[in-house]
Amino acid sequence: MSVEVNYIGNCCHSFLCDVEIQNDDTINLIILGYGDMYCTCNCCYGLKFHFTTMEFDDYKKLKFITINGDLNTKALLK
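All values reported here derive from a predicted model rather than from experimental measurement. (Residues numbered from 1 in each chain as written. Predicted model: local features only at pLDDT ≥ 70, side-chain atom pairs only at ≥ 80, totals over all residues. Heavy atoms only, no water.)

A. Region of the structure containing the overall build of the chain. Check the secondary structure of the chain and you find 0 helices and 6 strands. When the 78 residues of the chain are sorted by exposure, 21% land in the buried category. Partitioning the intrachain contacts of the chain with sequence separation of at least 6 by distance along the chain shows that 64% fall at a separation of at least 24. Of the accessible surface of the chain, which amounts to about 5900 Å², a share of 52% is contributed by carbon and sulfur atoms. Where the 6 positive side-chain charges of the chain centre and where its 10 negative ones centre are 9 Å apart. (Helix = DSSP H or I, 4+ residues; strand = E, 2+ residues; numbered from the N terminus. Buried < 20%, exposed > 50% of the residue type's maximum accessible area, 1.4 Å probe, protein only. Contact = heavy atoms within 4.5 Å. Areas by Shrake-Rupley, 256 points an atom, 1.4 Å probe, with all protein chains shown as cover. Lys, Arg positive; Asp, Glu negative; His and termini not counted. Charge placed at Lys NZ, Arg CZ, Asp CG, Glu CD.)

Next up, the structure:
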């Protein structure tokens, strides 16, 4: 499964990305900007996540995806 995300972040930051499973049915992408400098602008970054899953019944429950736990970003997995 591949997921492409457009993410707005500070132009001087680097990004740390992680993933977690919430409520047994949602993949939550965690995107953190970090760095010791702040620019006066924000830029749009294209991030790509690639996943492979093992064939266990628990993985078949995954139906949704969110970004940083924000329910406004909740989308149905295809």
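B. Representation of the nonpolar core in the model. Grouped together as the largest cluster of nonpolar side chains are 10 residues: Val3, Val5, Tyr7, Ile27, Leu29, Ile31, Leu47, Phe49, Leu62 and Ile65. Mapped by element, the contributors of at least two residues to this core are strand 1 (2-10), strand 3 (26-34) and strand 4 (42-50). Excluding its chain neighbours within four sequence positions, the residues that come into contact with Leu47 are Val3, Glu4, Val5, Tyr7, Cys17 and Ile31. (Core = buried A, V, L, I, M, F, W, Y, C linked by side-chain atoms within 4.5 Å.)

C. Broad picture of the state of the cysteines. Scanning the entire structure with this criterion turns up 2 disulfides. Sulfur-sulfur distance for the disulfide between Cys11 and Cys43 comes to 2.1 Å. Here Cys11 and Cys43 share a disulfide; its torsion about the S-S bond, 90°, makes the bridge right-handed. Residue Cys11 is located in the loop between strand 1 and strand 2 (14-22), and its partner Cys43 is located in strand 4; the two are separated by 32 residues in the primary sequence. In this structure Cys11 comes out as partly exposed when scored by relative accessible area, which is 23%. The disulfide partner of Cys12 is Cys39, and the S-S distance across this bridge is 1.7 Å. Across the S-S bond of Cys12 and Cys39 the torsion is about 55°, and the bridge reads as right-handed. Taken together, the residues span a long stretch of sequence, with Cys12 in the loop between strand 1 and strand 2 and Cys39 in the loop between strand 3 and strand 4 at a distance of 27 residues. With relative accessibility at 28%, the residue Cys12 sits in the partly exposed group. In the chain, the bonded cysteines, numbered by position in the sequence, are linked as 1-4, 2-3. Cys11 supplies the cysteine sulfur nearest to Cys41, a cysteine that is in no disulfide, at a spacing of 3.1 Å. For Cys41, a relative accessible area of 35% puts it in the partly exposed group. (Disulfide = S-S within 2.5 Å.)

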